[in-house]
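# Structural overview for review
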Amino acid sequence: MPSLIDIRRRVRSVKNTQQITKAMKMVAAARLRRAQERVLAARPYAAMLEQVLGNVSGAALGDEKAAQNPLLAVRPEQRIQLVLVTADRGLAGAFNSNLVRAAQKFVDDHAAARVSVEAIGRKGRDYFRNRKVPLTGEHLGLVMKATPADAGRIGDTLAARYAAGETDAVYLIYNEFKSVIAQKLVVSRLLPVSLEGREATLDYIYEQPPDELLNSLLPKYVETSLYRAMIESAAAEHAARMTAMDSATSNATDVIESLTLYMNRIRQAKITNEIIEVVSGASALE
Amino acid sequence: MAATFRLEVATPDRLLIQEDVSDAQVPGAGGALGILPEHSPLISELGNGELSYTTGGRRHSVVVHSGWVEVQPDAVRVLANRAERPDEIDVERARQALKRAQDRISKLGPEVDLARALNALKRAQARLTAKQVSH
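All names here are of chain B. Per the domain assignment, the segments of chain B are domain 1 (5-86) and domain 2 (89-130). Here the C-alpha centroids of domain 1 and domain 2 sit 23 Å apart. Taken together, the contact between domain 1 and domain 2 spans 10 residues of the former and 8 residues of the latter. When the buried surface of domain 1 facing domain 2 is broken down by residue, N48, V63 and P86 rank first, second and third, together holding 47% of it. At the junction of domain 1 with domain 2, the criterion picks out 1 salt bridge. Linking R127 and E84 is a salt bridge whose minimum nitrogen-to-oxygen distance equals 2.8 Å. At the level of elements, β5 (42-55), β6 (58-72) and β7 (75-84) are the ones that each hand at least two residues to the side of domain 1 that touches domain 2.

All names here are of chain A. Strand order in the open sheet formed by 5 strands is β3-β2-β1-β4-β5, and the pairing between neighbours is mixed. A single partner strand is all that each edge strand has here, and the edge strands are β3 (135-139) and β5 (182-191). Each strand of the sheet is rotated relative to its neighbour by a mean of 20°, with strand direction disregarded. In this structure, strand β1 (residues 79-85) lies alongside strand β2 (residues 114-120), joined through 7 bridges in parallel fashion.

Geometrically, a pair of aromatic rings is defined through the distance of the ring centres and the angle of the planes. Residue and element names in this part refer to chain A. Under the criterion given, the structure shown has 3 aromatic pairs over all chains. Geometrically, the ring pair formed by Y204 and Y206 is tilted, given 6.3 Å between the ring centres and 50° between the ring planes. What makes Y204 buried here is its relative accessible area of 7%. Seen from the ring of Y162, R75 lies directly overhead, with NZ or CZ sitting 4.5 Å from the centre. A cation over a ring is seen here: R131 above Y127, with NZ or CZ 3.7 Å from the ring centre.

All names here are of chain A. Relative to each other, helix α5 (residues 148-163) and helix α6 (residues 210-285) sit at 125°, their axes nearing to 8 Å. Viewed along their axes, α5 and α6 adopt a mutual orientation that is oblique. Seen from above, α5 lies across α6 with right-handed handedness. Judged by residue contacts, P148, A151, G152, I154, G155 and L158 of α5 engage V222, E223, L226, Y227 and M230 from α6. Residue composition of the contact of α5 with α6, grouped by class: 8 nonpolar, 2 polar and 1 charged.

Residues and elements named next belong to chain B. With respect to the helices and strands, the residue T54 is situated in strand β5. Note: C-alpha distance between T54 and D23 (31 residues apart in sequence) is 5.6 Å. Ignoring any residue separated from it by four or fewer positions in sequence, one finds T54 in contact with V21, S22, D23 and R59. Engagement of the side chain of T54 in a polar contact is seen with the side chain of R59, the distance being 2.4 Å.

By convention, interface size is frequently given as the accessible area that disappears when the constituent parts associate. The interface of chain B with chain A comprises 26 residues on the first partner and 25 residues on the second. It is B:P12, B:I43 and B:W68 that lose the most area in chain B upon contact with chain A, and together they represent 33% of the buried surface on that side. Taken together, chain B and chain A are joined by 0 salt bridges. Counting across the interface, chain B meets chain A through 10 residue pairs in polar contact (both at pLDDT 80 or more). Secondary structure elements with two or more residues in the side of chain B that touches chain A: β1 (5-11), β2 (14-21), β5, β6 and β7 of chain B. Ranked by residues supplied to the side of chain B that touches chain A, first place goes to β7(B) with 5 residues.

Criteria and cut-off values
- Residues numbered from 1 in each chain as written.
- Chains lettered and ligands numbered in written order.
- Predicted model: local features only at pLDDT ≥ 70, side-chain atom pairs only at ≥ 80, totals over all residues.
- Heavy atoms only, no water.
- Domains from an automatic or database assignment.
- Contact = heavy atoms within 4.5 Å.
- Buried area = accessible area lost by both parts, 1.4 Å probe.
- Salt bridge = Lys/Arg side-chain N within 4 Å of Asp/Glu carboxyl O.
- Helix = DSSP H or I, 4+ residues; strand = E, 2+ residues; numbered from the N terminus.
- Pairing = 2+ DSSP bridges.
- Axes fitted to C-alpha atoms, helices over the stretch in contact; angles between N-to-C directions.
- Phe/Tyr/Trp six-rings, centres within 6.5 Å; stacked < 30°, edge-to-face > 60°.
- Buried < 20%, exposed > 50% of the residue type's maximum accessible area, 1.4 Å probe, protein only.
- Lys NZ or Arg CZ within 6 Å of the ring centre and 35° of its normal.
- Parallel < 35°, antiparallel > 145°, perpendicular 65-115°, else oblique.
- Left-handed = near helix turned anticlockwise from the far one by under 90°.
- Nonpolar A, V, L, I, M, F, W, Y, C, P; charged D, E, K, R; others polar.
- Polar contact = N/O pair within 3.5 Å; in protein donor to acceptor, adjacent residues only side chain to side chain.

Written out as C-alpha cells, the structure reads:
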C-alpha cells in the first residue's frame, strides 16, 4: 500500500501540470482569435485574385504565348516537390502527426517519382531529416508570423525550380482551419497552375496583353496560396493546441479526483486500524 | 444609370476599402484611369501612386503600390501589393527614401539597380503627394 505522503506528492505534481495545461489553453485561445482575424482579413484579396485570374486565363487560354508560360507547363511527374506546412512546436494533439502521416503516405504513393520536401515548420523538418527523402529547404519559426512577403520569397524559389525543370510538380500539404474543434488536412497541387474551368465572365478590355498579365498574376497566385496555407495552419495549430490542452486539463481533474478518493480511503483504513488497536489494547487490560 | 459603384481595395493581408463611390482615379501601369459608374469592363496592371475617390461628396485617397485592377460596370476591384491610408504614411521615412532614391539615380553606376531605384522613387513620391506635402 502506497503511503499517504506518496499520494499527496502525486496529487501536487498533477496539480502543477494542470496549471501549465490550463495556462497553455488560455494562451492558445487568445492567439487563436488573432490568427482567425488574419485568416479572415486575407480572404477578400484571395477571392479577388481568383476572379481576376479566371478572367485573364479565359482570354489567355486561346493565346499561344500565354500557353507557354513556364508555370503552366504540365510534365510527367517524375520529380515532385512537396511543401509541408507543420507547426514548430508540439503539444497540439494529433496536429503534427496527422500532417506527417499524410506526407509519408504521399511519398509512399508516389514511390515511382522522386519526392523532395520543402519543410515549413520544425516538426515536418525533424521527421524528414532522418529519412531517405531529400530536404530542399527548411523555414523554421515562420508560420506564426508569416507575412505575404515571406510567402512570396518561398513561392519565388519554388517557381524558379519549377520553371528551370528541376521539379515537375509542386504539392502542398497543410491543415486548414475548419472550426475550433476540427482541422481539415488539405493536399493540393500548387504547380503547374491549372487554368481549366476558368473563363472570363465579361468581355474585358485588357490594358496589357493577357499573356503579360498572366506572367505577373501566376507568381502572385502561388504566393497567395502559400500565404493562405501558412495562416490557416497557424490558426488550426492554435485551435488544436487549445482543444488538446483543454482535455489535458480535464483529464488532470479526473486524476486528482480519483487520487484524492484513494488517499482518503487509505487514511480512513489507517484510522480504523488505530482505533481497533486502542480498543483491543484497552480490552486486554480489563 | 447608377450614380455610384462599389470600390474595393485589398492587399494580401487586409481589405482596406469597401465603399460605394461616385468616381475613382486609379493609377494604372500605363497611366491614370478615371473611372465613373458604368465603365466598360477592364483589367489592367496597377502602377505606384495615389488612388483617390469620392464618396458622400468627400474626396479621399490612399496610396497603392503595384498589383492589378479589375473594372466592372458596377464595381472596381483593386488588388494592391501594398496600400496605405494617408494617416499611415511616415513622412520622414518617405522623404529619406526619396532622397536615397534620387542619390542612387544621379550617381548611376553599374552597382545601381535602376528599375528598383525608380520604383522606390515613385513609391516615395506617391506617398508624399498623398500626404499633400511638398517635396
